[in-house]
2 protein chains.
Amino acid sequence: MLKKYLPILTWGPTYGRSELTSDLIAAVIVTIMLIPQSLAYALLAGLPPEMGLYASMAPLVAYAVFGTARALAVGPVAVASLMTAAAVGKLAQQGTPEYIGAAIALALISGLLLIAMGALRLGFLANFLSHPVISGFITASGLLIAMSQLGHILGIKAGGENLYEMTTALVARLGEINPWTTLIGTGAIAFLYWARLRLKRVLIARGVAPRIADLAAKVGPVAAIVASTGAVWAFGLEQSGVAIVGAIPNALPSPTLPPLDLELWAQIAVPALLISVVGYVETISVAQTFAARKRQRIDPDQELIALGFSNVGASVSGGFPVTGGFSRSVVNFDAGAETPAAGAFTAVGIALATVFLTPFLYYLPKATLAATIIVAVLSLVDFRTLRHTWTYSKADFTAIAATILLTLLQGVEAGLIAGVGLSIALHLYRTSRPHVAIMGQVPGTEHFRNINRHDVVTDPEIISMRIDESLYFPNARFLEDQVNAAVAANPQAKHLILVCPAINSIDASALESLEAINHRLAEGGVTFHLSEVKGPVMDKLQRVHFLDELTGQVHLTQFDAVASINPELARATLAARRLQPRQPAA
Amino acid sequence: MLKKYLPILTWGPTYGRSELTSDLIAAVIVTIMLIPQSLAYALLAGLPPEMGLYASMAPLVAYAVFGTARALAVGPVAVASLMTAAAVGKLAQQGTPEYIGAAIALALISGLLLIAMGALRLGFLANFLSHPVISGFITASGLLIAMSQLGHILGIKAGGENLYEMTTALVARLGEINPWTTLIGTGAIAFLYWARLRLKRVLIARGVAPRIADLAAKVGPVAAIVASTGAVWAFGLEQSGVAIVGAIPNALPSPTLPPLDLELWAQIAVPALLISVVGYVETISVAQTFAARKRQRIDPDQELIALGFSNVGASVSGGFPVTGGFSRSVVNFDAGAETPAAGAFTAVGIALATVFLTPFLYYLPKATLAATIIVAVLSLVDFRTLRHTWTYSKADFTAIAATILLTLLQGVEAGLIAGVGLSIALHLYRTSRPHVAIMGQVPGTEHFRNINRHDVVTDPEIISMRIDESLYFPNARFLEDQVNAAVAANPQAKHLILVCPAINSIDASALESLEAINHRLAEGGVTFHLSEVKGPVMDKLQRVHFLDELTGQVHLTQFDAVASINPELARATLAARRLQPRQPAA
């Protein structure tokens, strides 16, 4: 029981020297990668750089204690940082203590919500973010994030929560472009793209081992940091208007209590829920991917608790909302992390960096950080899924397209809520008009198939109608209409068999409709039968009077149903072409 | 085409003397019944009595032109009047011109929404009011309406939008009870209950024909009106504080333009939509009931248009929202109405009453009207459905109970919205964790059934898993979990067959999950098959690469699937107990 809630008790006792070595190596590499990322995502969230470092310590330790995924690395990530900026930006002015306090409170509430969801085993709620919605949301967020960093690249102050606001803010200040900043920013973007696309191959060509070359390519951003920081320091570019990170307090975070302001908490509850769910979906996808590769199992509800404590940890150490990040988890996994202890060691690495390295980051230009963000998030933008989905399903395409458009035009919260709402609405609409097939018997078999798709035998006195959906309130009246229409179109009909293998449940509204159908068919001299009713559906029908009032029978199979009404035809059809190869010898 | 939108063109040309006679008789009886009802529902809506009469003229003519149901009688009804009071009460003080204007605007917007829904063929939206929600809402509304009239019965001013507000308002003023009003009110209730329960039998015992006795019992309220009005006039009770209807303008309504105030329109759009949908559901249920009895068909989308024009008619003639009423339609039908012309004649009757009868209604006590309302609405209260639904489905019971409680405690709009939201949420929750069965072959047949419910034959190397739900985003990850668990529990398994007769659709999220399952099973050396995939599902799968990547096959039947993997076992099982009576002779 305790092991379930404290997975560290599972792997901790057998932790040995080999795990320690692997985890330490992974931690060093992830630390190098995390330092610029932490600063960059703090910048993206509109927060002071040290908060990015703070969010990369306590959460990693908390995840090491509570997490079930071995290679997952938590910390500030791009999408959650954008969502933080959007949520907090509505409540306070960037740069004020209120803004910082709200971000800290957001992490706390987000963490408490996640822990509560985990304790109540509500992990399934994350399923309501359908794949199209998540995919569209990530793509649009990537574009918004890239757009939000353009100001830093050009050296002008811009802002805004959606594409329109961002564009107008940028265009209005185009005259204030700083050439040195622009040079550093575009140079960094060019270098980072080169590193991403070519560096690995160059290194391998020079004889570096592929695995090392791969990791080196992934920590490439550090070179851009070093070079641009050096350039600013050497040429005094900060005096030519190049924005720099400036003084970062080189102290560890002191325990913080988020503002105990109930009104504030109420205002950020919805954004906190959205950040929690989006962060959880990202975390669980990353965790499942790596778990599958090593045949390990993760516990989705425990992951909620782990991510929750990570966020509480972020909050009480002065950080902002954190999530399991894909790119850093890839690095962690590839660098050989064996257990979540690698995360704890990374936290130590970040702590050392905070104390000893921050003075060297004084001249780090914000444009370089913006460049690392842009290069990272543009890889999230994925328009291919849009095309694939168009081929597969117009409804899912609509959900993606609406999520992308609304996120771009209205902001992250509106986009996400509209996406979820639209997915549900499209599902309800689809199931409210299900596919209905009139069926006949396939000669030589006991099988019944759609008369429009197969050569089948039918009896004009029998209508066999299969409805391809559970019966529930949105389609209850549709069913009545379909039955009325079928009977009106077949004046010879004396029996109507509802073929039910696709009916997984019947709710109270649909039961009422079945009763009405039974009653109306009886008045018209048509007997109403059911066939192939599933066990659980039958169990429920037996609790009420419907089966007593049913004018016909309930048959185990559709063949039985037809055979009980017109045995000659059913058997003659079964006997036809009996010697087909797939039939067993008599 | 024109006949579709103007059903009067269908029955009008063949309208003859016999229809005229029947319709005229029905109109006279409905008119007598409608006069007190119109006044009473205007009182319930908090509007001057003449508005009830206005709402019983133009709408009936509009319905006669556009409606497809022969015996339906539209006009002010109890639930819509309560909803009108709730909606308008939020915007203006009762008794002010703004209150009246808002009620007129509500009818207009409600009418325009209905016409738009009809033109766009959105009648299916009404299906989202599930039967449990409607039933709970009507019951709770009946209780609220009865409660709202208690003040009139006791002669004290009360108010409030929900049970709590109403109770406290009543209790606070209990000292102001007027004894004469209470006497009239309780006397009227007693008489009306007696008329409802006994009058018909008494009349039949005295030799009156049953059909006449039945109609007489239904217009019984008129006697209470006449007697109590006479009593007030004779004893001058209005001077002892008995509230009376007072002067009603004895003129026909002049054409009214509702206030052209866009802000007002925006504020009442949601209540107007709710009134429209509730009114439509009531109308269509009444219409279908009577159409089925006479083997006539109604057109649900045209009914939206007809009800829409009825409401526009109510608005431009100074009335308030109208609906097809059950009790008056029963009277209309029983009195022999043959065509919607009966409604038009009723409108003429109400017009004559407005001009010639209103002076006689001066002394009509409001307590009598309140008594007619209470007796009418208490018949709407139905707690039996609550018990039936508890037996059949706990989820549907939850929806009813929540709708009743929220309507009583928070008011009509909150109750209705929460009921619809809860119905949808419960459906999503249920389908997010579908029933999953592991299957085996029934000896002597080609059929496969749940191993937990039937004696079946299985092969330890084959897992046949049937999932009883369409695959879509809320259950996509659940499917992955179930497959993982089944494979983990059957280490011998080399094949997993997903049996798909219950899968009516697969959305993009679920397709992604199937791809992940196929990939993971392949890594574990398990082949992934599908069987009994429905035609429409197969069509969609063929558009993408999934079937090319599938490690196994897609089989027409589950028997084919197993027979292709282990032909010996499948055929031996089929041959077992072959001579059962229900098998055809070889």
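How each quantity is defined
Residues numbered from 1 in each chain as written. Chains lettered and ligands numbered in written order. Predicted model: local features only at pLDDT ≥ 70, side-chain atom pairs only at ≥ 80, totals over all residues. Pairing = 2+ DSSP bridges. Helix = DSSP H or I, 4+ residues; strand = E, 2+ residues; numbered from the N terminus. Contact = placed C-beta atoms within 7 Å. Domains from an automatic or database assignment. Least-squares fit on C-alpha atoms with pLDDT ≥ 70 in both. Axes fitted to C-alpha atoms, helices over the stretch in contact; angles between N-to-C directions. Left-handed = near helix turned anticlockwise from the far one by under 90°. Nonpolar A, V, L, I, M, F, W, Y, C, P; charged D, E, K, R; others polar. pLDDT = per-residue confidence, 0-100. Expected span 1.5 Å × (residues − 1). Buried ≥ 20, exposed ≤ 12 C-beta atoms within 10 Å, placed from the backbone.

As a further point, take the sheet that holds strand β4 (residues 448-450) of chain B. Residue and element names in this part refer to chain B. Here six strands make up an open sheet; going across it, the order is β4-β3-β5-β6-β7-β8 and the pairing mixed. Every interior strand has two partners, whereas the edge strands, β4 and β8 (554-555), have only one. Pairing analysis gives two bridges linking strand β7 (residues 527-531) to β8, with the strands arranged parallel. Bridge pairing in β8 links Leu530 to Val554.

What follows deals with the environment of Ala224(B). Residues and elements named next belong to chain B. By the element assignment, Ala224 lies in helix α12 (residues 221-235). In this structure, the C-alpha to C-alpha distance between Ala224 and Asn311, residues 87 residues apart in sequence, is 30 Å. Once you skip the residues sitting within four places of it in the chain, Ala224 turns out to touch Ala188, Phe191, Leu192, Thr368 and Ala371.

On to the domain arrangement of chain A, then. Annotation of chain A at the domain level lists domain 1 (18-405) and domain 2 (436-575). Inter-centroid distance (C-alpha atoms) of domain 1 of chain A to domain 2 of chain A is 56 Å.

The residue Arg121(A) is not glycine, and still its phi comes out positive at about 55°. Take Arg121(A): it is sitting in the loop between α7 (97-119) and α8 (131-154).

This part covers the relation of the copies chain B and chain A. Superposing chain B onto chain A takes a rotation of 180° combined with a translation of 0.0 Å along the rotation axis, leaving an RMSD of 0.1 Å. Between the two chains, the operation in question is that of a two-fold axis. Of the C-alpha atoms belonging to chain B, the one lying closest to the rotation axis is found on Ala502(B), 2.1 Å away.

This paragraph deals with the packing of helix α10 (residues 179-205) of chain B against helix α17 (residues 366-378) of chain B. When two helices pack together, their arrangement is captured by the angle between the axes and the distance separating the axes. Residues and elements named next belong to chain B. In contact at an axis separation of 8 Å, α10 and α17 are set at 40° when each is read in the N-to-C sense. The way α10 lies across α17 gives a crossing that is right-handed. Mapping the contact onto sequence places Thr181, Ile184, Gly185, Ala188, Ile189, Leu192, Tyr193 and Arg196 in α10 and Ala367, Thr368, Ala370, Ala371, Thr372, Ile374 and Val375 in α17. Classifying every residue of the contact of α10 with α17 by side-chain character gives ten nonpolar, four polar and one charged.

Residues and elements named next belong to chain A. The six strands lie next to each other as β4-β3-β5-β6-β7-β8, forming an open sheet whose pairing is mixed. This sheet does not close on itself; its edge strands, each paired only once, are β4 (448-450) and β8 (554-555). Bridge count for strand β3 (residues 436-441) against β4 is three bridges, and the pairing is antiparallel. From the neighbouring strand, Met439 faces β4, where its bridge partner is Asn450.

With that out of the way, let us pick up the confidence of the model for chain A. All names here are of chain A. Looking at chain A, the pLDDT average stands at 88 and 97% of residues meet or exceed 70. Note that residues 578-586 has pLDDT below 50 and, in this model, eight contacts with residues that lie over four places away or in other chains. The ipTM assigned to the predicted complex is 0.78, against a pTM of 0.81.

Once that is clear, we can look at helix α16 (residues 341-356) of chain A. All names here are of chain A. Relative to the 22 Å expected for 16 residues at 1.5 Å per residue, α16 spans 23 Å between its end C-alpha atoms, a close match to the ideal helical length. For α16, every residue scored as buried is listed here: Ala341, Ala342, Gly343, Ala344, Phe345, Thr346, Ala347, Gly349, Ile350, Ala353 and Thr354. Against α3 (17-44), α4 (49-54), α5 (58-66) and α15 (326-334) lie the buried residues of α16.

Tallying the contact residues gives 54 residues for chain B and 53 residues for chain A. For the side of chain B that touches chain A, the secondary-structure elements that each account for two or more residues are α8 (131-154), α18 (384-392), α20 (412-432), α21 (473-489), α22 (508-523), α23 (535-541) and α26 (567-575) of chain B. Considering each element in turn, the side of chain B that touches chain A owes the most residues, six residues, to α20(B). Taken together, the residues of the side of chain B that touches chain A break down into 22 nonpolar, 17 polar and 15 charged.

Residue and element names in this part refer to chain A. For strand β6 (residues 495-499), the buried fraction is high: five of the five residues fall into the buried class. The side-chain alternation of β6 yields two buried faces, one formed by His495, Ile497 and Val499 and the other by Leu496 and Leu498. Sheet topology places strand β5 (residues 462-467) next to β6; five bridges connect them, and they run parallel. For Met465, the partnering residue across the bridge sits in β6 and is Leu498.

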